[in-house]
Amino acid sequence: MFARLTTTVIGRDEPEVAAEIVERILPTLQNLDGFKGILVMADEGSRVVHGITLWDSADAMERSESVARGIREAETRSRHVIAQETARFRVVAFHLTRS
């Protein structure tokens, strides 16, 4: 499994709308071959939002790059974004307990 981590720092004047953004982009992501999931975390104090998308292979993650770039650009175009960085990783361990 592979992961793309996008870290975004938003301005203090911006509302934190990460959950609404996920709802809006999820159908697009789900239509991409190899998409396995998304996790978004926000630190309200520092205004940092981390988004992790999971992919079944490096090739699937690579093929999704142009769509991911388009989503990032569309979702940040009208917002006060201080910084944004994207990194790619191989997932070496993953465990999720279901309740």
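Before any of the text, the structure's been laid out above.
Below is a short write-up of the structure.

Cut-offs and rules
Residues numbered from 1 in each chain as written. Predicted model: local features only at pLDDT ≥ 70, side-chain atom pairs only at ≥ 80, totals over all residues. Heavy atoms only, no water. Helix = DSSP H or I, 4+ residues; strand = E, 2+ residues; numbered from the N terminus. Rg over C-alpha atoms; globule rule 2.2 N^0.38 Å. Contact = heavy atoms within 4.5 Å. Areas by Shrake-Rupley, 256 points an atom, 1.4 Å probe, with all protein chains shown as cover. Buried < 20%, exposed > 50% of the residue type's maximum accessible area, 1.4 Å probe, protein only. Phe/Tyr/Trp six-rings, centres within 6.5 Å; stacked < 30°, edge-to-face > 60°. Pairing = 2+ DSSP bridges. Axes fitted to C-alpha atoms, helices over the stretch in contact; angles between N-to-C directions. Patch = residues over 30% accessible without salt bridge, like charges linked within 9 Å, V, L, I, M, F, W, Y side chains within 5 Å. Salt bridge = Lys/Arg side-chain N within 4 Å of Asp/Glu carboxyl O.

## Thoughts on the overall build of the protein chain
Here's step 1: On a plain count of helices and strands, the protein chain comes out with three helices and four strands.
Here's step 2: Listing the helices and strands of the protein chain from first to last along the sequence gives β-α-β-β-α-α-β.
Here's step 3: Relative to the compact-globule value of 13 Å for 99 residues, the protein chain shows a C-alpha radius of gyration of 14 Å, a close match.
Here's step 4: Each principal axis of the C-alpha distribution contributes one length, and for the protein chain these read about 35 × 30 × 20 Å.
Here's step 5: The long-range share in the protein chain, meaning contacts at least 24 apart out of those at least 6 apart in sequence, stands at 71%.
Here's step 6: Accessible surface, the protein chain as shown: approximately 6600 Å² in total, 52% of it carbon and sulfur.

## With respect to unusual backbone geometry
Here's step 1: Even without glycine at this site, Arg47 takes up a positive phi of about 65 degrees.
Here's step 2: Inspection of the secondary structure puts Arg47 in the loop between β2 (35-43) and β3 (48-55).
Here's step 3: Classification of Arg47 by relative accessible area gives buried; the value is 13%.

## A look at the packing of aromatic side chains
Here's step 1: Counted under the stated rule, the structure contains one aromatic pair.
Here's step 2: Aromatic pair Phe35 and Trp55: ring centres 5.4 Å apart, planes at 70 degrees, arrangement edge-to-face. Taken together, the residues Phe35 in strand β2 and Trp55 in strand β3 connect sequence positions 20 residues apart. Of the two residues examined, Phe35 and Trp55, each falls in the buried class.

## With respect to the sheet that holds β2
Here's step 1: The strand order across the open sheet formed by four strands is β2-β3-β1-β4, and the pairing between neighbours is antiparallel. Every other strand in the sheet has two partners, leaving β2 and β4 (81-90) as the edge strands with one partner each. Within the sheet, the average angular offset between the axes of one strand and its neighbour, ignoring direction, is 15 degrees.
Here's step 2: In this sheet, β3 lies alongside β2 in antiparallel orientation, the contact comprising eight bridges. For Leu39, the partnering residue across the bridge sits in β3 and is Ile52.
Here's step 3: Most of the contacts of helix α3 (residues 65-76) go to β4, to which it runs at about 160 degrees, and overall it touches β1 (2-10) and β4.

## Some points on a nonpolar patch on the surface
Here's step 1: Together, Met1, Phe94 and Leu96 line one region of the surface with nonpolar side chains, adding up to about 340 Å² of accessible area.
Here's step 2: Of the residues examined, Leu96 reaches a relative accessible area of 63% and is grouped as exposed.

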